[in-house]
Structure formats: C-alpha cells, structure tokens
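# Report on the structure
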Number of protein chains: 2
Amino acid sequence: MPVFLNTQDPDFETGFATLLSAKREDSPDVDAVVADIISDVRARGDAAVLELTEKFDRLKLSAETLRFSDAEIDEAIEKVSATDRAALELAAERIRAYHLRQMPQDEEWQDAAGATLGWRWSAVSAAGLYVPGGLASYPSSVLMNAIPAKVAGVARLAITVPTPDGLVNPLVLLAARLAGVDEVYRIGGAQAVAALAYGTATIAPVDKITGPGNAFVAAAKRRVFGKVGIDMIAGPSEILVIADKNNNPDWIALDLLSQAEHDESAQSLLITDDAAFGQAVAEAVDARLETLERRAIAGPSWRDFGAIITVRDLDEAAALSNRIAPEHLELCVADADVLSLKTVHAGAIFLGQYTPEAIGDYIGGPNHVLPTARSARFSSGLSVMDFLKRTTLSKMTPEALRAIGPAAEALAQSESLEAHGLSVRARLDGLNS
Amino acid sequence: MPVFLNTQDPDFETGFATLLSAKREDSPDVDAVVADIISDVRARGDAAVLELTEKFDRLKLSAETLRFSDAEIDEAIEKVSATDRAALELAAERIRAYHLRQMPQDEEWQDAAGATLGWRWSAVSAAGLYVPGGLASYPSSVLMNAIPAKVAGVARLAITVPTPDGLVNPLVLLAARLAGVDEVYRIGGAQAVAALAYGTATIAPVDKITGPGNAFVAAAKRRVFGKVGIDMIAGPSEILVIADKNNNPDWIALDLLSQAEHDESAQSLLITDDAAFGQAVAEAVDARLETLERRAIAGPSWRDFGAIITVRDLDEAAALSNRIAPEHLELCVADADVLSLKTVHAGAIFLGQYTPEAIGDYIGGPNHVLPTARSARFSSGLSVMDFLKRTTLSKMTPEALRAIGPAAEALAQSESLEAHGLSVRARLDGLNS
C-alpha cells in the first residue's frame, strides 16, 4: 500500500516530510575497489582493461578487439527489425531537432567606454559516453546522451558498453550509428571510465564523460571528476502526477507504474484535488500490478515509496510540487499551461492527459536525462550546454583603459594586490608619456 | 628561475608535459574533520555554529548577532573612502551590464506532428555565497558571485563571511550591499557551509552554494553537493600570455606577476615567437620582484611554476595554448582577434596589449570566477546560468500522440518496459474507441 496523505489532516506535514526525506537507495561502498581499478588502468593501460574485462564480463579480448569494427556494427544492426529501426530513427530525428534549438549564440559588443566585450561558445573536443550492459542497456539513453554531444559539435565521441559473455544489444549499436558516434568499445565498469579519463594505448582520453551506470561506474565518475568533466550522478527515478478528477484512472495508474517499473527505489507520486479519484487510481494501479511483467519491481516501488496526496486546490498542488522538485512532472488538469507557470522546480513537465511521461523517455524530443533526488531545485537535464563551454572576451582600447583602468587600480590596492594595480598603472603611464 | 622551453629543442615534449602535469597544490586531508563539523551543525544547529565560531574565529556570538544588522552594515560602509566606493560602484555596474546579456530565453514551438515543445528557465530560489575572511576577503569576489545570482533572479541571497577576532572588511559589506545581497552572516569555515546547506534555527537553508574558500570550505562543499548545488572547486590560479616582440617587456612581466602574487601555487606562463623578447620579460620580472610587496609569494610561484616558451610561430602558440587550456589567456599580438579564434580552450581571453588580466579581475564586466587546472577544456566561468535551471516542456495533442506514440510504444517494448508502452497504448486505444 502506498501512503495516503491529505493536506487537511493535522499530521500532514509530518507525513510529507517523511516522504521528502525517504532514503530510497543504499549505495554500496565500492570506492576502495574503484580506486584500485583506476590506478591499475592508469599504470598498465590496455593490459589492465583486458584483464578486468575477462574477470568481470567473462570475455577475453585483445587490444585489437576492444573496439567494435564497422563491419561488426553493420552485422549487428542488420538484426534490428524494421519497426524498431523506424522507431529509433524517428526518435533520433526528433531529439536532434529539439537539441539543435538549444545551441547558444556567441555575442560581442562595444560598450560606452569603448571596451569590446563578449563571449564565444566552443565544443568539448572529445567526449565519452558510458552505456550500461545487460538489462539496463537502453538504446534510448544512447540517443539522449550522444545526440546533444554531436549537435554541440564534439569532434570525437566514444562509447563504452560492456558485453558480458559477449552479449551485444544490436539496438544500442544502431542508436550509436544513428547518433554519429565515432568509436564503440566493448568494455564497462570502473575500468571503462578510467580508460576514457586517462586513456590507454588503444583508447585516447576524452575531456567529458556522461551516461548512467551502476555503483562502480558512479564511484569512478566521481573519482575522475576534475581530470575530466562529468554529468550528474543520477539517483533513482521519480514521477509526480498532478491530476484532477477528469482523467482516466487507468491512464494515470500506468504513468505511475511506468516510473515504478524502472527500479524498486523509484518513486511515483499522485497529487489530486479529488480524494475519490485518488482512490480510483490506487485501485487501477493494483489491478494493473496483477499482470504487469515487471510487477516484482514496480510492486515494491509503489508499496514502499508511492503516495497519493489529496489537496484542497491546484495552488496547493503547485506548492507541494515545488517542494518535491520532481524529475518528471505530469500536469493532467484542465489548464495545464497555467499550472505549469507555478510548478517551477521540475526537470521536465508533461502537459495534458495525452502526454504520458513515456513519450518523453523516447520520442518527444527533450532529453530524458534529468535531475533526480530533488536536485531540480538547482540543476537541469542534459543538454547541448553540457558539451559546450564559454570563453569570455575583453578588449580594451587606450581610451577604454583610461576610462576604467583607474578604478581597477584602486580596487587592486584595496585588496593589497600590488602587481595587479601596477599592470594597469604601467600602461596608463605609458599612454600618457 | 622559471623554466625556459623551446619547441625546436628535441626534449621540448618532455619539458612541456612536465609543466602540464606539475602538481601545484597539496590539499591537506581535512575530510574527517569536516564530516564531524557538518554532522554537528546538522544535529545542533545554531549552538554548534556558535561554538565553532568561538573556537576558530575567537569570536563569541549569539543567535541574535550571527547576522549583520542593517545598521551595522551602514556603519561599516561609512568607513569606505570615496575613491574605493566609486571604483566598486563602477565595477558593480559593469559586471551587472555584462551578466544581464547572459540571460537565456525561454522557447516554445509547435512541430509538424502537432506537439508543443519548449523549455523554461527559472532561478534557484535561494543561494548562499561563501566569502573568505582575513587576507583573501576580496570585495571583487563578492560582486562576481552575487551579481550573477541577482541578475538570474535569485530571491534570497545569503553571504557568510568569517570575521576572525571580530575584524570586518567594510568593502566586503559595501560590495554585498551594492550587489543586493539579502543576508550577511559573520561565520565561516565548514560550519558556514553546513549551515547554508542544512539550515539552522537562524539561517534558512539554500539550494546552491558558490564562492571560494580554504581546504575546509572546499571539503565541506564537496560533502554537501547533492543536497545543494555547488560551483566548481577552484584550484590555484593561472595565466598564459602569448606575446610577440612588439610589446613592452615590463607590462608583460607585471601581468605574469599579477597571477604569481596570488599564491605560491599560481602559474604564470609566457609563449612568444621571439626568444630575445622572452629573455627581456624574464629580466623585467626579476627587476619587479626586487621591490614587489608580495615578492615572498610571487617569487616562489614564478621560480617553481613559471615558464617561458619560445615557439616557431603563433599557430604553434595556439596549439600549445589549447593543450594548456589556461584559466586566463592574454593575446598581446598584432592581430589578437584572429589568434583568439584558434585558442578555443580558455576560461577568459584578454585581447591586445591594453587589456591586462587585472582589468578582468575587477572591472571589465566578465566574471573572474574561471575554470582552473586545465578544466577550461570542459567547463566555463561562473555566469547567470549557474543560478538558473531549465525545465523542459512537452504537450501532445491527440493527433501528435497518434503520430509518434506508436514509435514510443515500440521502443518501450524493445527495452522490456511494459508499463511505458501501455501508458501510450491505453491512450491510443481510448482515442480510437
């Protein structure tokens, strides 16, 4: 049974606070193991990567077979059904179209003092994308990570995807091909992250690593951060649905379950202004759980972390939503656009009853890599910006230096940084002599 | 003596690699101490903050005096000289004007399938800015951190600045006032970071913490990351000057020293296509070092980490610059604009001989919080973006769902996520019934 809360109950705040602070994931402490693996890859390069791949993935490779050849990719891709290929192509096209619009502009202008100011964006030179193997090897995640990198202009994009016992997911290779990935390596775990960050004889180092992974991958990303850039370390997934009574309870139930089926630690929340509707959704969830393929995952998630919250009105719903700062937010209400203006802390908003969150996972266009664990309060989903960096530009004319240099000199003196002040003063004196 | 390198020397690559990989900072391991301080503040709130402030800052405060009152700020500000006030006001005005141009646009459009897509930017609700006390208590850093936050629209901006033995820097308080800071607390160290992240009875928690600090502050920021957002953890500062022979060696020497005087671990590099000019700059540095107030800091920095590199031509200079990925890059060459198009990995570029880097530290307009330690390969300086987050928007019409829903269903099935597919299928069936 999920938690039922009502903002009119006297103990609502206690229950809501418990929900907000629920620790949903116990990360095993693998940091020492990961530190050893990274040291080993730094010291021995390919040899270490090959040994670790044999040990963890039961796969004997050589430096020559670490990377998928084009022919191997071609062969694997042929196994993909026409339906799946068409779906993946449509997804790639829509994701690319959305992310193309995110490209920021360079700017340059002259101000009243005569200074030319501005900034310029440039792409990271090389990026690496970690793709999990086995069950969580999602082609959609390849598209969501690789396409923004290529749209940003990353010249070299490498993927690592472990193939335990040699098992390859042809859809992952097709997604890599569609996204324009340049290199695909059949390695995984902390050793793959280390190889991407520090390089080996076979794998050139990258500047930025993104993509989801297990506890070992997450720990390795934390450790190499600084040497390279990383994306966020994602926690278990969440959805919040705000729905009024004019919804089909079964549709909302399926939306909640589409989050719950990801992970026993996922969290699915419903806020409604109609207690009877909330009850109907709870019943619909139970009915669907009876036959759902992944009920062994979705059931515990819903039971342990699910909640149905009844509120007085939608303003109250928006206020609670902002405290939750959900990764995914569905607004299934009469005027979703108006409500969306009030729900400002959310990774992605899905408006109206015809926009199930699953559309955003695959085909809508926006990225599905989104801030979890309430971090939508201060961070954003993956975008082309994650593969770009900005260089600021300043150019003073003699006149501009005369106009603003003395203030810089004064501030340098007030901070006791003499050489700072002198570097301005020497030029001003030179101009006046 | 700094290192002299020449790309025509056979062992240049070895020398350059040594320069790139020089470990310039030994961070003391304060993690265990910091973990205890954070736990203490979480458990005991104000009481812990007050005790730790008495212990580390030799300052006995109460919950009532933790925060500067408006009257106290007014009184301190009156001590600032008219020159310093005018300089700080001009800096604030120019920094604000630059950062206002960074504000990104919301977007919303309808695509061919009938889907409405877009994104919306919103500000972090509350931010905290750490300002070091004592010698490194720089009013310019207050402006550089606080103004982007206020331009972004952060409603509540709090500053913590330790006042050891009660010593207050009036310029820091004036900078806070000019930047529109809402709350100023006279606390510092890991306890200040913990208070900002978790809140106490007196200090409400924030969503994002930025600003420089010592090893304790850096360790505390790393530990609270995830609970709140943080900016980068800055390393020691760097400058690279690329200069041809048509420059005043003394000006370039002062630019190199303006970095070296920050910290014994700072790094100042010169690349020139004229070996004799490089020699002249080295001599000018030595001459200036004889009288420089901070020669005890700048001298060791220049001796241990400084370098003068002679190259064949400016293309070679640009290539080396991109490998260095400097925090600050000065281009003192005939056509700095053209060269700047080739030096893409840099935090900030200063063009031409009338733009000493010190202008950017104080008054130019661009931010002086910039990526150090080669991280300009993958990251950017502080900006309004650090105080904003993006929410993506998707809205399907029945027609849009009919057009793209089946592809989402197919991809969900290929990833064995049944509820994802059903959440789309149920709606499609509903539309067709």
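If you're wondering where the values come from, they're calculated on a predicted model, not measured in any experiment.

## So, the side chain of Ser-383 of chain B
Here Ser-383 of chain B lies in the loop between α15 (357–362) and β14 (388–395). The buried category is assigned to Ser-383 of chain B, whose relative accessible area is 1%. Within the structure, Ser-383 of chain B has its side chain in polar contact with the backbone nitrogen of Met-385 of chain B (distance 3.0 Å). Filtering out sequence-adjacent residues up to four positions away, Ser-383 of chain B remains in contact with Arg-390 of chain A together with His-99, Gln-102 and Pro-148 of chain B.

## Some details on the environment of Pro-406 of chain A
All names here are of chain A. Tracing the chain through its elements places Pro-406 in helix α16 (residues 398–414). For Pro-406, a relative accessible area of 37% puts it in the partly exposed group. Separated by 15 residues in sequence, Pro-406 and Gly-421 have C-alpha atoms that sit 8.6 Å apart. The residues contacting Pro-406, other than those within four sequence positions of it, are Leu-401 and Leu-428.

## With respect to the relation of the copies chain B and chain A
One copy of the chain maps onto the second through a rotation around an axis plus a translation along that axis. Superposing chain B onto chain A takes a rotation of 180 degrees combined with a translation of 0.0 Å along the rotation axis, leaving an RMSD of 0.0 Å. Here the symmetry operator amounts to a two-fold rotation axis. Across chain B, the smallest distance between a C-alpha and the rotation axis is recorded for Pro-104 of chain B, namely 4.2 Å.

## Some words on the sheet that holds strand β8 (residues 229–230) of chain B
Residue and element names in this part refer to chain B. Judged by pairing direction, the sheet is parallel, and its five strands sit side by side in the order β6-β5-β4-β7-β8 without closing on themselves. The two strands at the open ends of the sheet, each matched to only one other strand, are β6 (183–185) and β8. Bridge analysis of strand β4 (residues 126–130) against strand β7 (residues 208–210) gives three bridges, and the strand direction is parallel. When the sheet's bridge partners are listed, Ala-127 is paired in β7 with Lys-208. With respect to the sheet, helix α8 (residues 189–198) is in contact with β4, β5 (156–160) and β7, its orientation differing from that of β4 by roughly 175 degrees.

## Here's the deal with the packing of aromatic side chains
The way to describe two aromatic rings as a pair is by their centre distance and the angle between their planes. Using the criterion set out here, one finds 10 aromatic pairs over all chains in the structure. Between Trp-109 of chain B and Trp-119 of chain B, the ring centres sit 5.7 Å apart and the planes meet at 80 degrees, which makes this aromatic pair edge-to-face. Here the residue Trp-109 of chain B occupies a position in strand β2 (residues 107–110), and Trp-119 of chain B occupies one in strand β3 (residues 116–123), the gap between them amounting to 10 residues. Across the pair, exposure class does not vary: Trp-109 of chain B and Trp-119 of chain B are buried alike. Through a chain of ring-to-ring contacts, three or more aromatic side chains come together here, namely Tyr-98 of chain A together with Trp-109 and Trp-119 of chain B. Looking at Arg-186 of chain A, its charged tip hangs above the ring of Phe-68 of chain A, at a distance of 4.1 Å from the centre.

Rules used in this analysis
- Every chain begins its residue count from 1, and numbering advances along the sequence as written.
- Chain A is the first chain written and ligand 1 is the first ligand written, with later ones labelled in order.
- Whole-chain, interface and lining totals are the exception, using all residues; otherwise, since this is a predicted model, local features are given only for residues with pLDDT of at least 70 and side-chain atom pairs are given and counted only at 80 or more.
- Where side-chain values are given, they derive from all heavy atoms of the structure, hydrogens and water being excluded.
- Runs of E in the DSSP output that reach at least two residues are strands. Runs of H or I that reach at least four are helices, and both are numbered from the N terminus.
- Residue exposure (1.4 Å probe, protein chains only): buried if accessible area is under 20% of the type maximum, exposed if over 50%, otherwise partly exposed.
- Polar contacts, as used here, are pairs of N or O atoms within 3.5 Å; protein pairs need one atom able to donate a hydrogen and one able to accept it. Residues neighboring in sequence count only if both atoms are side-chain atoms.
- A contact between two residues is defined here by any heavy atoms of the two lying within 4.5 Å.
- In superposing the copies, a least-squares fit is computed on C-alpha atoms, taking residues whose pLDDT is at least 70 in both.
- Between any two strands, at least two bridges found by DSSP are needed for them to pair.
- Note on geometry: axes are C-alpha line fits, over the in-contact stretch for helices, and angles between N-to-C directions span 0 to 180 degrees.
- Centres within 6.5 Å are what make two rings of Phe, Tyr or Trp a pair, Trp counting through its six-membered ring; a difference in plane orientation under 30 degrees is then read as stacked, over 60 as edge-to-face, and the rest as tilted.
- Placement of a charge over a ring requires the Lys NZ or Arg CZ to be within 6 Å of the ring centre, with the centre-to-atom vector within 35 degrees of the ring normal.

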